[in-house]
Structure formats: structure tokens, C-alpha cells
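# Tertiary structure, described
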Amino acid sequence: MKIAVCVKQVPEGNSRIDPGTKRLDRSGAGALNGFDANAVEEALRLRDATGEGEVVLVSLGPAKAQDVLRKTLAMGADRAVHVSDETAGGSDLVATSYALAKALEREGADLILFGQQAADSDGAVLWAAVADRLRLPVVSQAAELTHAGGKLTIKRQTEFGYDLIEAPLPAVVAVSDAINEPRYPSLKGIMGAKSKPQETLSLAELEIEPERAGEPGSRTEVYALSDPPARADSRKIDDDGNAAQAILDFLAEKRLV
Amino acid sequence: MSMLVFLEHHGDELLKGSLGVLSKAVALGSADVAGVVMGFGVRPLAEQAAKCGAVKVYVADDARLEAPLPQPRVDVLARLIREKGIETVLFGNSVLAADVAAGLAARLEAGLNWDLADLVRQDDRFVGKRPALQDSVHVDVGWKSEPRIALFRSGSFDPVETGGSADTEDVTVALEDFSTSARMVDQAHEEGEGPSIEDAAVIVAGGRGLGGPENFTLVEELAKALGGAVGATRAVVDAGWYPYSTQVGQTGKTVSPKLYIACGISGAIQHKVGMQSSGVIVAINKDPNAPIFEFSDLGVVGDVHEVVPKLTELVKARKGS
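The residue numbering used here restarts from 1 in each chain and proceeds along that chain's sequence as written. Chain letters and ligand numbers both follow the written order, the letters beginning at A and the numbers at 1. Reporting in this predicted model follows two pLDDT cut-offs: at least 70 for local features of residues, and 80 or more for side-chain atom pairs to be given and counted; totals over whole chains, interfaces and linings ignore these cut-offs and use all residues.

### Points about the overall build of chain A
- A helix here means a DSSP run of H or I that spans at least four residues, while a strand means a run of E at least two residues long, and both kinds are numbered starting from the N terminus. The secondary structure content of chain A amounts to 6 helices and 13 strands.
- Taking the principal axes of its C-alpha atoms as reference, chain A extends roughly 65 × 45 × 40 Å.
- Counting across all 257 residues of chain A, residues that qualify as buried make up 47%.
- Note that contacts rest on C-beta atoms placed from the backbone: two residues are in contact if these are within 7 Å. Here the contacts in chain A between residues at least 6 apart in sequence split such that 70% fall between residues at least 24 apart. Burial is judged by counting the other C-beta atoms within 10 Å of a residue's own C-beta: 20 or more makes it buried, 12 or fewer makes it exposed, and any count in between marks it as partly exposed, with every C-beta position built from the backbone.

As C-alpha cells, then:
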């Protein structure tokens with residue numbers, strides 16, 4: 001089975017938005033979006049369970065996402081495809097899903113995996129948009145994933161509990177961070193990653209028209225940034241034995257009991 | 001200014017989150033607010049939407065829509081939006097709603113802004129209010145074209161019952177092949193008692209400061225006395241003390257009840273983002289330097305094992321009186 005895992009480079013540590021461009025500041029060090037590690041881990045498990053197949057990392061991002069891809073290859077993926085193009089900066093969901101779908105179309109994987117959200121944008125939407133463009137079934141919040149006879153069985157976690165869903169391959173699945181414990185790269189893995197194939201593609205190579213990428217290809221925009229409001233009159237007390245009564249009085253004052 | 005609200009249901013009820021978004025749409029002053037219900041045997045749900053101000057309810061009633069799967073819903077919505085020329089489509093966040101909204105954005109090449117806490121009209125355009133980067137910055141976002149798609153944070157708006165009636169209109173259900181290839185084998189059943197965590201007006205949550213899973217009974221008893229639901233932090237869910245479905249935070253549920261009582265919770269960013277828009281936050285923690293106190297309305301530096309059971313008794317006594 002050929003598995004494509006979509007991974008994202010996010011800023012390491014605390015992120016900030018550049019007030020000038022109103023875009024996320026990506027100038028500092030980058031790291032793998034932590035949620036994507038669960039998707040990579042699941043792909044490796046599926047591959048290793050049968051001992052055959054291939055795990056391909058697919059990423060859209062600035063040039064330095066190369067480093068993150070190399071580190072992720074060290075976990076055990078076989079190769080990486082990096083779509084990198086200056087004109088792709090500032091892409092929203094419509095533009096990003098279009099570019100990613102083009103890259104994935106070229107791979108023709110049996111299974112496309114995503115992590116459950118992007119830690120920088122808090123987006124939890126990309127897989128469903130990509131699946132619609134590829135005209136493939138999609139299941140998100142997979143807490144368990146099994147594969148047998150060309151078919152996936154997915155335990156999906158929702159607000160109401162666990163659903164059991166079947167989907168034929170090829171399919172798109174977003175895994176939750178409860179699905180597994182991602183491995184750390186071994187020393188052998190880190191050494192081996194350097195010689196694994198890493199391909200970089202421009203938008204033109206994917207036949208993506210410039211007007212469908214970046215800000216021109218986006219349908220949303222950012223108008224303004226501001227500081228969040230502070231919380232008004234907060235109180236703090238030490239428990240002298242009467243704290244429970246103080247809480248009750250407070251709740252009564254707020255008409256909450 | 002046509003607006004359509006995605007009305008999600010579970011069992012025989014429209015979700016409170018969906019109805020809250022519907023009330024928001026009405027409050028924006030549109031005279032033309034419609035809802036859409038999709039499922040099997042869902043016709044009676046239209047009445048609930050009318051109570052919250054929908055003047056029109058589109059009904060897609062079809063056995064193929066019975067399971068809460070996103071892709072058939074994208075097919076129905078895309079056709080409806082195109083046919084009616086709907087300009088703005090609003091969703092309250094859920095696992096299902098996010099997948100539907102995103103699939104729809106791709107299908108219609110429409111802008112989707114997510115994680116919105118509010119939507120306003122400014123200078124004749126819609127502006128979405130989005131707290132971002134762990135709520136350290138507020139971002140005003142907009143749309144460059146129609147239809148606009150907005151996905152709101154859970155619990156951003158309370159439903160307001162205004163009464164009234166709605167016209168219902170059946171909509172065509174024509175589905176793509178790929179949309180029906182995922183199949184529900186076993187749908188989640190109702191979970192235990194008490195309100196579900198995202199719809200609860202009161203949440204009492206426990207963290208590692210409880211000391212062990214057996215002490216969750218303290219939290220459960222206080223929640224029961226207040227008629228609320230129980231929440232948990234990532235740390236205690238990871239440790240297996242409490243089920244994941246109760247997890248509040250970045251990788252769990254985002255909640256905004258009227259009252260949130262945090263028991264033995266330090267207030268790590270992972271947890272904060274899931275509950276900081278709660279109406280009133282009360283925190284009980286023995287560490288005076290716990291970050292939770294920075295965003296609590298009332299902070300109590302004390303031992304949860306002493307304060308919580310006492311509070312439960314006081315609440316019971318007050319309600320009994």
C-alpha cells in the first residue's frame with residue numbers, strides 16, 4: 001500500500017503574526033506540526049504490518065521546510081515531496097487544498113493521512129477540502145485505523161462517542177492524537193534520512209496557475225489585528241476554611257446557583 | 001442578504017450550538033435567515049429552528065443522509081447554495097460541521113474562516129472575529145467573494161427563542177458516487193447521563209491536582225449538584241483517569257459554559273484555549289502560582305479535597321432550601 005502523509009512545518013515555540021503582512025511570521029526556526037507526527041506514525045505502522053508499501057511525505061511550505069521533512073524522514077518514511085514556491089505564501093484553505101490536491105494526484109496514493117489539526121492556524125479543515133477535490137471518501141478524527149482487503153475500518157471520535165466507519169481505498173483519513181504514540185527517530189534513522197529522496201516541486205511543475213495560489217488564489221483575507229481584551233475584576237482568595245462558602249456566595253452573586 | 005445556517009442534530013434535537021448560530025444570524029438583522037436540516041426523518045426538526053427565528057427551513061430527508069457523515073451533506077448544500085444564490089453560510093463547530101464546511105469550500109471555491117468567536121457587519125461588509133495563536137491576538141477576517149463560509153467556535157452564541165413559524169421546502173438529494181463510499185457501520189450511542197459537555201451550561205472539570213482517578217467522584221458530585229457536566233484535562237485523560245470525550249482543550253473540546261469550575265487544574269495553554277471563553281471561571285488549586293489564576297474570575301488557593309466536597313454540600317443545601 002502506498003501511503004501519502006501530509007505534513008506541515010510550523011514555527012517552533014510561540015508563534016506571532018507579522019503586523020505588516022498580517023501573515024504568520026515564519027522567519028524563525030521551524031518544527032514538524034506535532035499532530036502530523038501521529039499521522040506519520042500510523043503510516044509507518046500500516047506499512048510495517050505488511051512489510052511492503054511506501055510512505056511518502058507531502059508538504060507545502062517555504063524552502064526551509066526541507067529540514068523538517070528530513071527530520072520526519074528520520075522517523076522512517078521513505079521519501080518526501082516538497083511543494084515550495086514563493087507565490088504560494090498567504091494561501092488560504094481554497095488555495096492550499098488546490099495545490100496539495102495537485103501534488104497528491106501526482107502521487108496516486110492508496111491512503112492519504114493527515115494529523116488532526118495545524119498547531120499554528122488551529123485549522124482542522126484541510127483534509128475534507130482535499131478529499132473533495134480528489135473525489136475520495138474522507139473520515140476525520142480517527143482514533144483507530146485498520147486495513148484489510150482493500151478496505152479501511154475507522155473508529156471515529158465525535159462529540160457523541162465513537163462511530164465505526166468503513167471506507168474503500170483510496171481514501172483520505174485524518175487521525176486524532178489519541179491514535180498512537182509517535183516514535184522518536186533512531187540514530188540509524190537520522191543518518192539514513194540524508195540519503196532518502198527529497199523532491200522539490202514548483203507550482204508550475206504541478207501545473208498550478210499563479211492566480212490559483214497565494215493571496216490571488218485565496219477567498220479569505222485578514223483585515224486587522226488587535227490585542228485580546230483582558231478579563232475584568234478577577235479575585236483571588238486563600239482558603240482559610242471558608243473558601244467553599246465564599247465560592248457559593250460568589251456564584252449566588254452571579255446568579256449561577 | 002441571504003444567510004443559511006447548517007443545523008446539526010443528534011437524536012431528535014437540533015444541537016444547541018447550531019441554534020445559537022441561527023440566533024446570531026437573526027441578530028445580524030437579516031430578514032432572510034434560512035436553516036437547513038439534513039438526515040432521515042428530520043422533518044419535525046424544522047419547528048425547533050422556527051422557534052429560534054428561521055423564516056425558512058430547507059429539509060433534505062433521505063435515508064442516505066441518516067448517518068452523520070460529511071460528504072453527502074456537501075453534495076446537498078452545494079446544490080442548494082447554487083440554486084438559491086445564498087451569500088453566507090454559517091456553521092457551529094463540530095467534527096461533522098468542520099468536515100462539511102471544508103468540503104463545501106473546496107466544492108464552491110468559497111472562502112472559509114474557521115474558529116470564529118463572532119461575526120459583525122462593519123462598513124457594509126462582514127467581519128469575522130477570530131482569536132488566534134492561543135488567543136494571544138485577535139484577528140479580523142473577511143471574505144473576498146460569495147458565498148462566504150463561517151465556522152464558529154463551539155458555544156459562541158446562545159440560542160434565543162423568538163417564536164414564530166417557518167416555511168419548509170424540500171430540497172433535492174442527488175449524491176456523488178464518492179460521497180457515499182464511506183459507510184457508517186455502527187453509530188455512536190447516547191453517552192451516559194447529564195448534559196453533553198459542549199452543550200452544558202455548567203462544567204466542573206478535574207485535573208492532575210485531584211491526585212488520582214478515584215477522586216473524580218468529588219468533581220462528579222459537584223457537577224451533579226450544579227446540574228452540570230464533567231470535564232477533564234489532557235493530562236488526566238492521557239493518564240487514563242477519565243474518558244477522552246470529556247477532554248477540554250486544544251486537542252479536546254472547546255467549551256464556553258456560563259460557569260466553569262476548574263478543580264486541581266494548573267491552566268496550561270493546552271487547557272486554557274478550550275475553556276477561556278467561559279462566562280465565569282472559578283479555579284481551585286493549591287499552587288498560588290498556577291497559571292489558571294491569571295484567567296479566573298474567582299481563584300481559590302486551597303486543597304480541592306477539602307473545598308470541593310464542602311462546596312457540593314453547600315450547593316445541595318441551597319438548592320434544597
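### Here we look at the overall build of chain B
- A tally of helices and strands in chain B yields 8 helices and 18 strands.
- Over its C-alpha atoms chain B spans a radius of gyration of 21 Å, differing by no more than 12% from the 20 Å that the globule rule assigns to 321 residues.
- Across its three principal axes, chain B shows a C-alpha extent of roughly 60 × 45 × 40 Å. For a compact globule the rule gives 2.2 Å times the number of residues to the power 0.38, and the radius of gyration it is set against comes from C-alpha atoms.

### With respect to the domain arrangement of chain B
Residues and elements named next belong to chain B.
- By the assigned domains, chain B splits into domain 1 (3-180) and domain 2 (202-320).
- Distance between the C-alpha centres of domain 1 and domain 2: 31 Å.
- Across the contact, 7 residues belong to domain 1 and 8 residues belong to domain 2.
- Gly counts as polar in this scheme, as do all residues outside two lists: the nonpolar Ala, Val, Leu, Ile, Met, Phe, Trp, Tyr, Cys and Pro, and the charged Asp, Glu, Lys and Arg. When the residues that make up the side of domain 1 that touches domain 2 are grouped by side-chain class, the tally is 1 nonpolar, 4 polar and 2 charged. What fixes the domain bounds is an automatic or database domain assignment.

### Quick notes on the nonpolar core
- We define the nonpolar core as any set of buried residues of the types Ala, Val, Leu, Ile, Met, Phe, Trp, Tyr and Cys, connected via C-beta atoms lying within 7 Å of each other. Counting 133 residues, the largest nonpolar core has Val 5 and Val 173 of chain A together with Ala 101 and Ala 105 of chain B as its most contacted members.
- Top contributing element to this core by residue count: helix H4 (residues 95-108) of chain B, with 11 residues.
- If we skip the residues at most four places from it in the chain, Val 173 of chain A touches Leu 111, Leu 113, Val 139, Ala 142, Leu 145, Leu 152 and Ile 154 of chain A.
- Among the nonpolar cores identified, the runner-up in size contains 47 residues, and Ile 247 of chain A together with Ala 223, Leu 226 and Met 275 of chain B belong to it.

### Thoughts on the interface of chain A and chain B
- Contact residues are listed per partner, giving 63 residues for chain A and 72 residues for chain B.
- Among the elements of the structure, helix H3 (93-107), helix H4 (126-134), strand S7 (138-148), strand S8 (151-158), strand S9 (161-168), strand S12 (220-226), strand S13 (235-238) and helix H6 (243-253) of chain A are those that each provide at least two residues to the side of chain A that touches chain B.
- Residue composition of the side of chain A that touches chain B, grouped by class: 32 nonpolar, 13 polar and 18 charged.

### Remarks on the environment of Ser 186 of chain A
All names here are of chain A.
- Within the element layout of this structure, Ser 186 appears in the loop between strand S10 (171-175) and helix H5 (187-193).
- For Ser 186, a count of 12 C-beta atoms within 10 Å gives the class exposed.
- Taking the C-alpha atoms as reference points, Ser 186 and Glu 86, separated by 100 residues in sequence, lie 33 Å from one another.

### Quick word on the packing of helix H5 (residues 216-226) of chain B against helix H8 (residues 304-320) of chain B
Residues and elements named next belong to chain B.
- As a packed pair, H5 and H8 sit with axes 9 Å apart at the nearest point and diverge in direction by 25°. Considered as vectors, H5 and H8 are oriented roughly parallel to each other. Here H5 and H8 pass one another in a crossing that is left-handed. Contact with H5, carried on its side by Leu 218, Glu 221, Leu 222, Ala 225 and Leu 226, involves Val 304, His 305, Val 308, Pro 309, Leu 311, Thr 312, Val 315 and Lys 316 of H8 and no other residues of that element.
- Classifying every residue of the contact of H5 with H8 by side-chain character gives 9 nonpolar, 2 polar and 2 charged. To obtain each axis, a line is fitted to C-alpha atoms, and for helices this fit is confined to the stretch in contact; angles are then taken between N-to-C directions over 0 to 180 degrees. The scheme is simple: roughly parallel for angles under 35 degrees, roughly antiparallel for over 145, roughly perpendicular for 65 to 115, oblique for anything else. Helix crossings are classified by the rotation of the near helix relative to the far one: an anticlockwise turn of less than a right angle makes the crossing left-handed, while a clockwise turn makes it right-handed.

### Digging into the sheet that holds strand S14 (residues 202-206) of chain B
- Note on pairing: two strands pair once DSSP finds at least 2 bridges between them. If you walk across this open sheet you meet the 6 strands as S13(A)-S18(B)-S17(B)-S16(B)-S14(B)-S15(B), and the pairing is parallel. What marks the edges here is a single partner per strand, and that holds for S13 of chain A together with strand S15 (229-232) of chain B. Pairwise comparison of adjacent strand axes, ignoring direction, gives a mean angle of 15° for this sheet.
- Here 5 bridges tie strand S16 (residues 259-263) of chain B to strand S17 (residues 280-285) of chain B, and the two strands are oriented parallel to one another. Residue pairing for S17 of chain B: Cys 263 of chain B is matched across the bridge by Ile 284 of chain B.
- Here H6 of chain A sits on the sheet and contacts S13 of chain A together with S17 and strand S18 (298-301) of chain B; the angle it forms with S18 of chain B, its principal contact strand, is near 175°.
- Relative to S14 of chain B, H5 of chain B is tilted by about 175°, and along the sheet it contacts S14, S15 and S16 of chain B.

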